[in-house]
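Structural overview for review
Spelled out, the chains give:
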Amino acid sequence: MTSNDRKQDGASRKGRRSFVLHPPLQELFSDHQQRYLLMVLLALVLTVIIIPKGGFVPGYYSPGDVASRDIKAPRDLLIPDQPLTEEKRQAAAQAILPLYDLDPRTAVELTERLTALLTQAGAVLEKGPADAVPAKDNDHTLLADLSADQLRLMARLADRPAIGIQLQRALKPVMARPIVGNMQVFEAGWDGGIVVRDLVSQAEQTLQDAGPVIGIGDAHELLAARLQQSSDWSGTEGELLLSLVKRLMRPNLTFNQNETEERRRLARELVKPVLFQVKRGEMVVREGERVNEEQIRKLKALRGISGGRSGLLNGAGLLIGIMLLLFVGHRYAKRNISKYRPNTRDLLFLVLVFVGLFVLVKLAIFICTAMETAFPYVDSTSYYYAFPFAVGAMLVRIVLNSEVALIFSLIFAALLGIMFGNNLFITLYALIGSLTAAHFVRHCLVRSTLYQAGLQLSLVNALLVLSIHLMAGHDLNSQLLYKAGFGLAGGFFCAVLVTGLVPLAESLFKYTTDIKLLELANMNTPALRELMIQAPGTYHHSIIVGNLAEAAAETISANPLMARVAAYYHDIGKIRKPLYFVENIGAQENRHDKLSPSMSALILMSHVKDGVDTARAGKLGEDLVDIIRQHHGTALIKFFYDKAKNQPGSVAQQVDECDYRYPGPKPQTREAALIMLADAVEAASRTLTDPTPARIQGMVQKIINNIFIDGQLDECELTLKDLHNIAKSFNRILSGIFHHRIDYPEPVHKEREKEPAKKETAKKEQSKRKSSDDSTGEPAKEPKDRGSESKKGSTEDLKRLGMS
């Protein structure tokens, strides 16, 4: 395998490791973008699921329609009473009295105009009406209509020294009263009072009696009477002044329609809408009832919860909130929680769990609403405590890890509270239940653990129901018993659902859970049985590596079960070429003696790729496949590399170290690193001629140091303290494996059965066997001719079984 081949193989492995949604998506989006795209899609789907709180309320818009089903209010509502609100606004507008403006300057202005007109009369007589300059524009017409006698009379009146005071004394009493232009119109609009505003001081006062108000005709009559009674004027002068005043006088009290309407509009706006309350769970309309006006208003309000512009704004706000919750939660956990490292496959799994749970809860809500009709004595909200809220946290904890389960539980509980109408009690119930269930399935090695966790969850649910019931201020009544019973049932439902969903998650997403690991740990699986038959040396080696890795995993708080099972399968690629590996050769010829070093290195490297293919064919799971791929890292096959370097001629100069290194990648997890260390230590322990504890300790220390110095542990999370504990664990296990045994002598009754002629031969064989035990630490084999000298059918024939 060349360097380019290994790079291509590494790239393909990287692509397989990253769980992609679809090949076109892989080309358009990177892994990072795919993950954020999944969160955006999740936010959209959850918004669609959560938004319709109205429960698809039908639109009954005319009284008398028959309701097709029972409809309840999903939450507390305040519905405006439009008729009553309009009635109150009309009353508020009617309460505003008409506004009239009173001009107190009218008497003075009338006196000044009349005085000026009298003064102009002389000029008109001398120059003519066209040349005279009247005080007002319309006064020109008035002077033109007067006769010469009237003008001369006016000129004589103007010559009086106190004419202004006399006119003011005559006009002021009349003009002091409120004068309107049309008394009939004023009386028709009178409704118990008016507001009079002084245009000079802007002071307002309410006039409750219309008696002081007179029309302009009445003012003329009052002025005529005063002129007749006054001694200041003759009859002719009085008639002239009265005719002039009639043409000059204007009302001093005028209706301000614009201001009145503005005040009435403000009064209407100040009236707040009249609301009537609809409590959560209140029956709005029952099936078969005829819908009335009040129910129509309630139904329209229910539809308004999720419809129209208000519904769109509500949905947009909810979408933004969910996206922020997902992004911030994911970002925070990724930066601050070391074990929170979900890849694209994990996020897709979480998205499906979220969506599946919310769809399940939504369907359960509709079922509970229907059940209330059949069981009216049970409140529909009591059924909520039977919902399997903790299923998601249990699945995530079993399939992934506790850190991801914690973040999942927090986000799920928050969104669930929003779905139930911002219900804090439901949030508390779901959060505590999810954390409890996730805690009790942390070591789920057998499926009965799920039901034990379900039992613990049921007890916690019952206590939570009691707590929530009391916090809500309810008395100890029958509903508490129903809720507690549903809470107990909820734990059992969670256990049943998770039992069925875990195998589905393992199959769809290729996850390897502890339950599956226990199944794979069975030594009768097809892969291990084939390994035992085809490569017995590798099989025994894998068992020892499993013991070493499991013990070391326990000392560093890794996953012992994963380490043991991964050790069993880490060399299954050797099944295809078992005789090319030294542990399977036995007394046969070493086939590498006839191969070049580069070919031997390729054969050794191929067992990693063959192991990955075999693991995928056997559906062992991606976690085990990754460990098989990583258990040699990029280590150097030193024996054949040195052999290639020592070749004579130009061949040794062309040796590339990269061609003698495993393709990798390096171990990414602690379990993969443990398999690498245990594999190397177990293989090296076979080379010890005298495996004393001191030699074992030195060998373990040397192997671990070499692997560490080679950089094979750079990409996993092992610390120096972990390496120290691993070395101590390896020393303990290997010292137990290579312990010394006492050399027991042959039994006496067997010595007596032997022929006397062969005692000397037996003694020689016994001494030879003893020396062999001392030198190799293994029992010597029986002599080949021993079976031929035994009689047929005797008990000694059993000793020939298994002997070559």
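In this text the structure is predicted, and so the values were computed from the model without any measurement.

If you tally the helices and strands in the chain, you get 34 helices and ten strands. Counting across all 804 residues of the chain, residues that qualify as buried make up 43%. Long-range pairs, those at least 24 residues apart, make up 76% of the contacts in the chain between residues at least 6 apart in sequence. For the chain, the accessible area works out to roughly 43,000 Å², and carbon and sulfur atoms hold 57% of it.

With respect to the helices and strands, the residue L44 is situated in helix α3 (residues 31–50). The class for L44 is partly exposed, based on a relative accessible area of 39%. Sequence separation between L44 and G315 is 271 residues, and the spatial gap between their C-alpha atoms is 9.6 Å.

With omega at 5°, the peptide bond leading from G664 into P665 counts as cis. Within the fold, P665 resides in the loop between α28 (638–645) and α29 (670–685). The residue Q202 is not glycine, and still its phi comes out positive at about 60°. Tracing the backbone through its elements, the reader meets Q202 in the loop between β5 (194–198) and β6 (204–207). Notably, K619 is not glycine yet its phi reads approximately 55°, a positive angle.

Another point: the pairing of strand β9 (residues 275–278). Covered by surrounding structure in β9 are F276 and V278 only, the residues L275 and Q277 on the alternate face being uncovered. Pairing between strand β2 (residues 77–80) and β9: four bridges, direction antiparallel. Bridge pairing links I79 to F276 in β9.

What follows deals with the environment of S382. Note that S382 resides in the loop between α15 (344–374) and α16 (391–399). For S382, a relative accessible area of 0% gives the class buried. Placed 101 residues apart in sequence, S382 and K483 show a C-alpha to C-alpha distance of 5.0 Å. For S382, the residues in contact, after removing those within four places along its chain, are Q479, K483 and F486.

Another point: the confidence of the model for the chain. Here the chain averages 81 in pLDDT, while 82% of its residues score no lower than 70. For residues 1–21, every residue scores under 50 in pLDDT, and the model assigns this stretch 32 contacts once sequence neighbours within four places are set aside. Taken as a whole, residues 764–804 scores under 50 in pLDDT and shows 26 contacts with residues more than four places along the chain or in a different chain.

Roughly 1,600 Å³ of internal volume is contained in the second largest pocket. As for the second largest pocket, its lining consists of 42 residues, of which H632, D679, A680, A683 and A684 are closest to the centre. When residues of the lining of the second largest pocket are traced back to their parent elements, those giving at least two are α23 (536–555), α25 (582–585), α26 (597–617), α28, α29 and α30 (693–709). Per-element accounting of the lining of the second largest pocket gives the leading share, six residues, to α29. Of the residues that constitute the lining of the second largest pocket, the class distribution is 18 nonpolar, eleven polar and 13 charged.

Turning our eyes to something else, we now look at empty space enclosed by the protein. All told, the structure shown has four cavities of 30 Å³ or more when counted by the stated rule. If you go around the largest cavity, you meet 13 residues; those closest to its centre are L326, Y340, L347, L350 and F354. Counting only elements with at least two residues in the lining of the largest cavity, the list comes to α3, α14 (308–336), α15 and α17 (402–419). Across the lining of the largest cavity, the residue classes break down as twelve nonpolar, one polar and no charged. Around the second largest cavity, the lining residues are F387, F389, A390, Y429, A430, G433, S434, L457, N461, G490, G491 and C494. Of all the secondary-structure elements, those providing two or more residues to the lining of the second largest cavity are α18 (424–440), α19 (448–471) and α20 (478–509). Counting residues per element, the lining of the second largest cavity draws most heavily on α18, which supplies four residues.

Let's shift gears to the side chain of N461. Of note, N461 is situated in helix α19. If sequence neighbours within four positions are ignored, N461 has contacts with Y429, G433, G487, G490 and G491.

Before going further, it helps to examine the pattern of salt bridges. Scanning the entire structure with this criterion turns up 22 salt bridges. D101 is the partner of R197 in a salt bridge, and the nearest nitrogen-oxygen pair spans 3.1 Å. Residue R197 is found in strand β5, and its partner D101 is found in strand β3 (residues 99–102); the two are separated by 96 residues along the sequence. For the pair R197 and D101, a shared accessibility class is recorded, and that class is buried.

Let us look at the sheet that holds β5. Strand order across the open sheet formed by four strands is β6-β5-β3-β8, with mixed pairing between neighbours. Among the strands making up the open sheet, the edge pair consists of β6 and β8 (253–255). Within the sheet, the average angular offset between the axes of one strand and its neighbour, ignoring direction, is 30°. Relative to β6, β5 is paired through four bridges, and the arrangement is antiparallel. Across the sheet, I194 pairs through a bridge with L207, a residue of β6. This element, helix α12 (residues 257–270), spans β3, β5, β6 and β8 of the sheet and lies at about 140° to β3.

This next bit is on the packing of α16 against α20. Axis separation between α16 and α20 bottoms out at 10 Å; the angle between their running directions is 40°. What the angle tells us is that α16 and α20 run oblique. You can see that α16 and α20 cross each other, and the crossing is right-handed. Counting all contacts with α16, which are made through V391, M394, L395, I398 and V399, the residues of α20 involved are C494, L497, V498, L501, V502 and A505. When grouped by side-chain class, the residues that make up the contact of α16 with α20 number eleven nonpolar, no polar and no charged.

Scanning all chains against the criterion turns up 20 aromatic pairs. Centroid distance Y384 to F387: 5.5 Å. Interplanar angle 50°. Geometry classified as tilted. Note on accessibility: Y384 and F387 belong to one class, buried. One aromatic cluster is present, formed by Y384, Y385, F387, F389, F420 and Y429 through successive ring pairs.

Reading the values: rules and limits
Residues numbered from 1 in each chain as written. Predicted model: local features only at pLDDT ≥ 70, side-chain atom pairs only at ≥ 80, totals over all residues. Heavy atoms only, no water. Helix = DSSP H or I, 4+ residues; strand = E, 2+ residues; numbered from the N terminus. Buried < 20%, exposed > 50% of the residue type's maximum accessible area, 1.4 Å probe, protein only. Contact = heavy atoms within 4.5 Å. Areas by Shrake-Rupley, 256 points an atom, 1.4 Å probe, with all protein chains shown as cover. Pairing = 2+ DSSP bridges. pLDDT = per-residue confidence, 0-100. 1 Å grid on protein atoms, 1.4 Å probe; cavity = no way out; pocket = protein on both sides within 12 Å on 5 of 7 lines; lining within 4 Å. Points joined across faces, edges and corners; volume = space filled by probe spheres on them. Nonpolar A, V, L, I, M, F, W, Y, C, P; charged D, E, K, R; others polar. Salt bridge = Lys/Arg side-chain N within 4 Å of Asp/Glu carboxyl O. Axes fitted to C-alpha atoms, helices over the stretch in contact; angles between N-to-C directions. Parallel < 35°, antiparallel > 145°, perpendicular 65-115°, else oblique. Left-handed = near helix turned anticlockwise from the far one by under 90°. Phe/Tyr/Trp six-rings, centres within 6.5 Å; stacked < 30°, edge-to-face > 60°.

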